[in-house]
Structure formats: structure tokens, C-alpha cells
Protein chains: 2
Amino acid sequence: MDTADLQAFAARAGEVADILKLLGNRARLMILCKLAELGTASVGDLAEAIGLSQSATSQHLAKLRAEDIVSFRRDGQTLWYEVADPRLGRLLDSLHAIYCEDIT
Amino acid sequence: MDTADLQAFAARAGEVADILKLLGNRARLMILCKLAELGTASVGDLAEAIGLSQSATSQHLAKLRAEDIVSFRRDGQTLWYEVADPRLGRLLDSLHAIYCEDIT
DNA sequence: AGCCTAAATTAGCAACATCTAATGTAAGGA
DNA sequence: TCCTTACATTAGATGTTGCTAATTTAGGCT
């Protein structure tokens, strides 16, 4: 593999690794699994569902937002989050198929 | 979801997140992609293929070994590594399908 | 306006990750 | 035995992560 190929490979691997880094945290993975399961959820719903504080949950959502992995719409005081990136939806499906085959 | 369900969910998410954390590093992801592509490779091969020092490459391999994601067999002075966990093989295939559809 | 709830943001700290440089170990060859 | 090659390991500096606590912003209600 020549230098240009290595750089292209490294660049793409870096992008994908950045996404996987976001999933490589228990709290964020739980958030994304919940969103995949429920379709949409508020910050409070998510915080309770994963057993984390409001602040910590919000900070995790900020990271996911920064990579355009999730989006939200406002309804009054409540923000409803959802998975925004279809590729991430596919990845979450794959993860479920591989690591949660035993779960209904 | 009751407390027992949350704990089971958290436990499983933690296990999967630990694996994804290993993939969430450019160098390690490149190593695993190379192993998936080549089937088997030596430490020196991998270090050169990803443009990293021998030491850093070896330390990444040590982390992957610790989670039983890769294994190796010795042939003289050379250690030949390969992907050991079939679920990780499936995950790498999925990642390739999702994020590298444009690559031959 | 004043108050409440929902969520975001900031500051700060402890824990963790990742590199380089140096050293150790194992195997083969002269 | 001595040297070389292939790889592992350790030590240490530096950057990053993920929490809590405190504060701020936004919206709805009386």
C-alpha cells in the first residue's frame, strides 16, 4: 500500500473510530439503545432509563449532537431526541443482532 | 423498566461498550481492518501498514489480546496475529458494509 | 413579575488513554 | 557465545474523558 492509500485509509479509519469512540461509553451506548428502541425520548426519560444524572446525560447528548448522531425537536419545555444518522441506525441494529441475539 | 432490568441492561451495555472502546481508536481500528482483510499479519506488517511505531503497535495488540479479540501463533521469531472473536469478525463486516460501501 | 420544571452549560477534578524512549525477552544465525 | 531480529514491557509525560456541583437559559403557569 502506498503513501496516498495509507493516508486515505487512516483518514477513513479516523472518522469511523471517532463514531465508535462515542459508542464506546456505557452511558452513551445505553442512550442510543434506548433511542433505537423507543424511537424518541426526552432527556429526563433517558436519564432515568440509564440511571444517570440530568447533567451527565445532557453532556452525553451534547457529544452525540456534535457528531450529528442524534437530533431533537422541542415540544414546550421538553426536548424529544432521536437517532438522526441512518448509518448509526444500521450499526445499532448490527450490534443488537451480534451481541443481543438472546434478548427479545 | 425495573431495577433488575436496568442492571442487566447496564451490564450488557458495559460489556459491549468495552469492546467498542477498543475499536474507537484509529490505530486499533486500522489493525483490526488489516487483520480482517489479510486474515493474518505479523506485528511488523501491522506497524508498517498503519504507520505506527513497533512499541505502540504492540501495546495496542496487547489490549486487543486482553479482551480475546485477537490471538496469535508463533513461527520462529515472528508472531502471526488474527481476529479471534467471531462476533468481532461480524462487527467488522458490518462496519465495512456501512462505512466503506464505496471501497472495493 | 415571580416561580416552577426541563434542559444546557461551565468549572474543576480524578481517572484513564496513548504516545516515546528505554529496556527486557525470545529465537535464529555466525 | 555474541550479535541480530522480532516483539513485549515498563516508565513517564501529556492529553482526554466523565463525573459532580453550581449556574444559566428557555418555556409554561398563576
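Above this text is the structure in question.
What comes next concerns the included structure. Note that the coordinates shown come from a computational prediction; the quantities given were computed from them, not determined experimentally.

Picture the strands of a sheet paired through backbone hydrogen bonds; they go either parallel or antiparallel. All names here are of chain B. Spatially, E1-E3-E2 is the arrangement adopted by the 3 strands of the open sheet, whose pairing is antiparallel. Looking at which strands have only one partner, the edges of the open sheet turn out to be strand E1 (41-42) and strand E2 (70-75). Sheet topology places E1 next to strand E3 (residues 78-83); 2 bridges connect them, and they run antiparallel. When the sheet's bridge partners are listed, Ala41 is paired in E3 with Tyr81. Strands E1, E2 and E3 of the sheet are contacted by helix H2 (residues 26-38), whose axis makes an angle of about 90° with E3. Strand contacts of helix H4 (residues 54-66): E2 and E3, with the helix running at about 115° to E2, the strand carrying the most contacts.

Moving on to the protein's contact with DNA strand C. As a matter of local geometry, DNA strand C sits amid 23 residues, with Gln54, Ser58, Gln77 and Tyr81 of chain A together with His60 of chain B nearest to it. Sugar plus phosphate, as a fraction of atoms of DNA strand C within 4 Å of the protein: 59%. Between a base oxygen of DNA strand C and a side-chain N or O atom of Ser55 of chain A, the distance comes to 2.8 Å. Going through the elements one at a time, helix H3 (43-50), helix H4 (54-66) and strand E3 (78-83) of chain A together with H4 of chain B are the ones with two or more residues in the surface near DNA strand C.

Okay, the packing of helix H2 (residues 26-38) of chain A against H4 of chain A next. All names here are of chain A. H4 packs onto H2 with a crossing angle of 75° between their chain directions and a minimal axis gap of 10 Å. Judged by the angle between their axes, H2 and H4 are roughly perpendicular. For the pair formed by H2 and H4, the contact residues are Ala27, Arg28, Ile31 and Leu32 on the first element and Thr57, His60, Leu61, Lys63 and Leu64 on the second.

Once that is clear, we can look at helix H1 (residues 3-23) of chain A. Every α-helical turn comprises 3.6 residues, leaving residues that sit three or four positions apart pointing alike. Look at H1 of chain A: 30 Å from first C-alpha to last across 21 residues, which is about the 30 Å you get at 1.5 Å a residue. Taken together, the buried positions of H1 of chain A are occupied by Phe9, Ala10, Ala13, Gly14, Val16, Ala17, Ile19, Leu20, Leu22 and Leu23 of chain A.

Turning to the protein's contact with DNA strand D, a few remarks are in order. Near DNA strand D there are 24 residues, and of these His60 of chain A together with Gln54, Ser58, Gln77 and Tyr81 of chain B occur at the shortest range. Protein-adjacent atoms of DNA strand D, using a 4 Å cutoff, are sugar or phosphate at a proportion of 57%. Ser55 of chain B places a side-chain nitrogen or oxygen 2.8 Å from a base oxygen of DNA strand D. Leu79 of chain B is positioned such that a nitrogen or oxygen atom in its backbone is 3.5 Å from a phosphate oxygen of DNA strand D. Listed by contribution, the elements that provide at least two residues to the surface near DNA strand D are H4 of chain A together with helix H3 (43-50), H4 and E3 of chain B. Across the surface near DNA strand D, the residue classes break down as 4 nonpolar, 15 polar and 5 charged.

Quick look at the interface of chain B and chain A now. If you look at the interface, chain B gives 36 residues, while chain A gives 37 residues. Here chain B and chain A share an interface that buries about 3,200 Å² over both sides, 71% of which is from carbon and sulfur atoms. Remark: the boundary between chain B and chain A carries 4 salt bridges. As a salt-bridge pair, Glu101 of chain B and Arg90 of chain A come within 3.0 Å of each other at their nearest N and O atoms. Taken together, chain B and chain A are joined by 7 residue pairs in polar contact (both at pLDDT 80 or more). Of all elements in the fold, only helix H1 (3-23), H2, H3 and helix H5 (86-99) of chain B reach the threshold of two or more residues within the side of chain B that touches chain A. The element contributing the most residues to the side of chain B that touches chain A is H1 of chain B, with 12 residues. Considering only residue class, the side of chain B that touches chain A consists of 23 nonpolar, 5 polar and 8 charged.

What counts and how
Residues numbered from 1 in each chain as written. Chains lettered and ligands numbered in written order. Predicted model: local features only at pLDDT ≥ 70, side-chain atom pairs only at ≥ 80, totals over all residues. Heavy atoms only, no water. Pairing = 2+ DSSP bridges. Helix = DSSP H or I, 4+ residues; strand = E, 2+ residues; numbered from the N terminus. Contact = heavy atoms within 4.5 Å. Axes fitted to C-alpha atoms, helices over the stretch in contact; angles between N-to-C directions. Near = heavy atom within 4 Å. Polar contact = N/O pair within 3.5 Å; in protein donor to acceptor, adjacent residues only side chain to side chain. Parallel < 35°, antiparallel > 145°, perpendicular 65-115°, else oblique. Expected span 1.5 Å × (residues − 1). Buried < 20%, exposed > 50% of the residue type's maximum accessible area, 1.4 Å probe, protein only. Nonpolar A, V, L, I, M, F, W, Y, C, P; charged D, E, K, R; others polar. Buried area = accessible area lost by both parts, 1.4 Å probe. Salt bridge = Lys/Arg side-chain N within 4 Å of Asp/Glu carboxyl O.

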